[in-house]
Amino acid sequence: MSRATASNGALTLGALGVVFGDIGTSPLYALREAFLAHHGRRLVLESANVVGLLSLVLWSLILVVSVKYLLVVMRADNGGEGGILALTALIRPTGSLKAGGSTRWLIVLGLFGASLLYGDGMITPAISVLSAVVGTSVVSGALDRYVPLISVVILVGLFSVQRHGTAAVGRVFGPVMVVWFATLGLLGASHISDHPAVLGAILPHHAVRFLLHNGILGFLVLGSVVLAITGAEALYADMGHFGRKPITRAWYFVVLPGLVLCYFGQGAMVLNDPRTIDNPFYRMAPRWALWPLVVLATSATVIASQALISGAFSLTRQAVQLGYLPRVRISHTSESEEGQIYVPAINTVLLVACIVLVVGFKTSTNLAAAYGLAVTGTMGITTILLYRVARTRFGWRRIIAVPMCSLFLVIDLMFLGANLPKIPDGGWVPLVIGGVFLLVLTTWFAGRKLTAERMENRFRRVEDFIDELETRHIMRGPGVGVYLGPNPDLVPQALSSHLKHAGVLPRNVLLLAIRTANVPHVERDAALAHDDLGDGIHRLVYTVGFSDDVDVPSMLETDGTRLTGIDFSRASYVLGRETLRVTDRPGMARWREHLFLTMVRNATTADVFFKLPPDRTIELGVQVEL
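Conventions we followed
- Residues numbered from 1 in each chain as written.
- Predicted model: local features only at pLDDT ≥ 70, side-chain atom pairs only at ≥ 80, totals over all residues.
- Heavy atoms only, no water.
- Helix = DSSP H or I, 4+ residues; strand = E, 2+ residues; numbered from the N terminus.
- Rg over C-alpha atoms; globule rule 2.2 N^0.38 Å.
- Buried < 20%, exposed > 50% of the residue type's maximum accessible area, 1.4 Å probe, protein only.
- Contact = heavy atoms within 4.5 Å.
- Lys, Arg positive; Asp, Glu negative; His and termini not counted.
- Charge placed at Lys NZ, Arg CZ, Asp CG, Glu CD.
- Salt bridge = Lys/Arg side-chain N within 4 Å of Asp/Glu carboxyl O.
- Core = buried A, V, L, I, M, F, W, Y, C linked by side-chain atoms within 4.5 Å.
- Phe/Tyr/Trp six-rings, centres within 6.5 Å; stacked < 30°, edge-to-face > 60°.
- Pairing = 2+ DSSP bridges.
- pLDDT = per-residue confidence, 0-100.
- Axes fitted to C-alpha atoms, helices over the stretch in contact; angles between N-to-C directions.
- Parallel < 35°, antiparallel > 145°, perpendicular 65-115°, else oblique.
- Left-handed = near helix turned anticlockwise from the far one by under 90°.

Trainee: Describe in detail the overall build of the chain, supporting the description with residues and values.
Mentor: Of the regular secondary structure elements, the chain holds 25 helices and eight strands. A compact globule built from 626 residues would reach a C-alpha radius of gyration of about 25 Å, and the chain, at 27 Å, matches this within 12%. If one aligns the C-alpha atoms of the chain with their principal axes, the spans along those axes are about 95 × 50 × 50 Å. Residues counted as buried form 58% of the 626 residues belonging to the chain. Considering only contacts within the chain whose residues lie at least 6 apart along the sequence, 83% involve residues at least 24 apart. For the chain, the distance from the average site of its 52 positive side-chain charges to the average site of its 43 negative ones is 5 Å.

Trainee: Give a detailed account of unusual backbone geometry, specifying residues and quantitative values.
Mentor: The backbone phi angle of Asp535 is positive, close to 60°, even though this residue is not glycine. Turning to its location among the elements, Asp535 is positioned in the loop between strand S5 (528–534) and strand S6 (537–544). With relative accessibility at 54%, the residue Asp535 sits in the exposed group. Unusually for a residue other than glycine, Lys611 sits at a positive phi of about 65°.

Trainee: Report on the pattern of salt bridges, specifying residues and quantitative values.
Mentor: Proximity of charged atoms lets side chains of opposite charge pair with each other. All chains considered together, the criterion is met by nine salt bridges. Glu33 is the salt-bridge partner of Arg32, the closest N and O atoms lying 3.0 Å from each other. Taken individually, Arg32 and Glu33 each receive the classification buried, so the pair is uniform in this respect. As a salt-bridge pair, Asp278 and Arg283 come within 2.7 Å of each other at their nearest N and O atoms. In this structure Arg283 comes out as partly exposed when scored by relative accessible area, which is 34%.

Trainee: Describe the nonpolar core, with residues and values.
Mentor: With 193 residues, the main nonpolar core has Phe20, Trp180, Trp251, Phe281 and Leu512 as its most contacted residues. Top contributing element to this core by residue count: helix H15 (residues 290–322), with 16 residues. Once you skip the residues sitting within four places of it in the chain, Phe20 turns out to touch Ala15, Met177, Phe181, Leu235, Ile247, Ala250, Trp251 and Val255. Formed by 16 residues, the second largest nonpolar core is a distinct cluster that contains Phe465, Leu469, Ala494 and Leu620.

Trainee: Help me get a handle on the packing of aromatic side chains, residues and values and all.
Mentor: Per the counting criterion, the structure on display carries eight aromatic pairs. Consider the rings of Trp180 and Phe281, whose centres lie 5.5 Å apart with planes at 40°: the pair is tilted. Within this pair, whereas Trp180 is found in helix H9 (residues 165–192), its partner Phe281 is found in helix H14 (residues 280–283), the two being separated by 101 residues in sequence. When sorted by exposure, Trp180 lands in the same class as Phe281, which is buried. Relative to Phe445, the ring of Tyr324 has its centre 5.0 Å away and its plane inclined at 25°; by these criteria the two rings are stacked. Taken together, the positions of Tyr324 in the loop between H15 and strand S1 (331–332) and Phe445 in helix H20 (residues 428–455) put the pair 121 residues apart, joining distant regions of the chain. For the pair Tyr324 and Phe445, a shared accessibility class is recorded, and that class is buried. Ring pairs connect the aromatic residues Trp180, Phe281 and Tyr282, which therefore count as one cluster.

Trainee: So, the environment of Val541: which residues are in play, and what are the values?
Mentor: Counting through the fold element by element, Val541 comes out in strand S6. A residue is classified by how much of its surface remains accessible, and Val541, at 14% relative accessible area, is buried. Each C-alpha atom, one on Val541 and one on Pro488, is 6.6 Å from the other, the two residues being 53 residues apart in sequence. Not counting residues within four places of it along the chain, the set of residues in contact with Val541 comprises Pro488, Ala513, Arg515, Ala527, Leu528 and Ala529.

Trainee: Tell me about the pairing of strand S3 (residues 475–485), and please be specific about residues and values.
Mentor: Pairing analysis gives nine bridges linking S3 to strand S4 (residues 504–516), with the strands arranged parallel. Bridge assignment links Gly485 to a residue of S4, and that residue is Ala513. Bridge count between S3 and strand S7 (residues 572–581): three bridges; the pairing is parallel. Bridging across to S7, Gly481 finds its partner in Ser572.

Trainee: Lay out the pairing of S7 in plain terms, naming residues and giving numbers.
Mentor: Relative to strand S8 (residues 617–625), S7 runs parallel, the two sharing nine bridges. Bridging from a neighbouring strand, Arg577 pairs with Gly621 of S8.

Trainee: Describe in detail the confidence of the model for the chain, supporting the description with residues and values.
Mentor: Looking at the chain, the pLDDT average stands at 84 and 91% of residues meet or exceed 70. No element of the chain has a lower mean pLDDT than helix H7 (residues 135–139), which averages 64, and none a higher one than helix H4 (residues 47–72), which averages 95.

Trainee: Go over the environment of Val509 with me, naming the residues and quoting the values.
Mentor: Looking at where Val509 falls in the secondary structure, it is placed in strand S4. For the pair Val509 and Gly536, spaced 27 residues apart in the sequence, the C-alpha separation amounts to 6.2 Å. The contact partners of Val509, leaving out residues within four places of it in the chain, are Arg476, Gly481, Tyr483, Gly536, Ile537 and His538.

Trainee: Provide a residue-level description of the packing of H4 against helix H10 (residues 205–225), including the pertinent values.
Mentor: Remark: H4 packs on H10, axes separated minimally by 10 Å, with the N-to-C direction vectors making an angle of 65°. Accordingly, the angle class assigned to the pair H4 and H10 is roughly perpendicular. Crossing of H4 against H10: the hand is right-handed. Listed contacts from H10 to Asn49, Val51, Gly52, Leu53, Ser55, Leu56, Val57 and Ser60 of H4 are His206, Ala207, Phe210, Leu211, His213, Asn214, Val221, Leu222 and Val225.

This is how it looks when you write it as structure tokens:
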């Protein structure tokens, strides 16, 4: 076996363990929820309804996952990186919320979609683990009251292993998911013979007839059908971890066959014995296999949570680099895969939220009301952004883009509309979570922009500074000073403060500006732009992608030395730190200024984020009135 084949196999196995857990555990609850009461009305458990429902599930998997995401959306990647924020970055021309016309609102819409994904990342682990652990009550009703407690213990264990990274998690979880999907297929196949007519669900006209025959109830049932495709957005968000081809192979050869067989088997079984609708997944197994199945299902639901957790990590790094979130500590967990990271702060937030949801809702049925709105909202927003990107960035002709995106949007809006009645019963949860994250994202971006505007009159142009050095006698001492600032055309505040208070400059001065491009990665030969300004002063613009790791000392000691001829191994790094004060000046509302100030105080410091050596880093402060 060649090394490339082995690597592809490992990535495919890892994708099974990380990407497909969410959609792979939907058979635990999707069919059962569809036959529960929908606003006081319940589906009749008859052949036409079961076959029609299975047809809806099958064709949702085909149209949404196979066609929309795998065939179309994942080809609209941003330099190999996926997710709604990567798609949003393709839309914004300069990274500004002040972009003109519809572009501004599309950016805000993309940020809201990203915010909804955080909500999905909180709800998915809670409902998945609850759905698996409830199998213990099928074995013994006495365990029913312990389901929330067992679920919390499992969730704590899941989030505790995240620091080991998705590579390690994928290697462990991948084989488990192979067993899980094989079990799904075997259980389903063993029951299809109970009522072979379910195979007719392959024909799409059964889905259409189901919707027409059941009217408004059939439409509301779509709110449960969408449970079968939750996790589709995670395929796109996790693309940067494993790549499109490994995810596609895993879907067609393992995941899709296992899911279809399982759903069809459940449908055949409930038609043969309607009493099994109370928990059709566990009822498929013989009595002796229930405990092993509960253990396997619990393991699978733990894995199901991984897709959204790792997606939230990727989303956070993108938001930080694009300027929508404050700097947070990000750990790389793989030496070979750049996309595999761990974000402790987000891990803690997700864990606390999951525990609150489990304790608050107690059962997966209660939590199902909160599930669906987040993922369907994000799916619809992805389609809208896809059309703009397809037309403006990839040059798709309107005759292709319009009908294709219109079909996707109609499907998305049908699922979204079917979930809207859930808002009073718990659907408000992901909307509130999404609204809070959107507020955080936009407040940080607007706050940083306002801070820069307030300080702008304090900065001098680099050209004026160089002219001043030629006419003003300034003492120069030994050593190398690196001064970081956001704008390469302006003198960093750190340099102005240093010169004002010390009256002396190092013999070699580097003005370093770090910029983030709207692409995930910037090639090494295009990342640096150097200007020799004379008199020992150099300017370096370091351009990074929104998924790139930023290690300033490492960059300077290699490429920086090559470009400038300066030895940076013992350089001193001088940073500016703003002390912000809330005021009544026009800009932002006072409460948003207070929120921004709180985020600033809790952000990871620049020296840690840029990996600057503590013993050679100096910070000089300045007060800024917002």
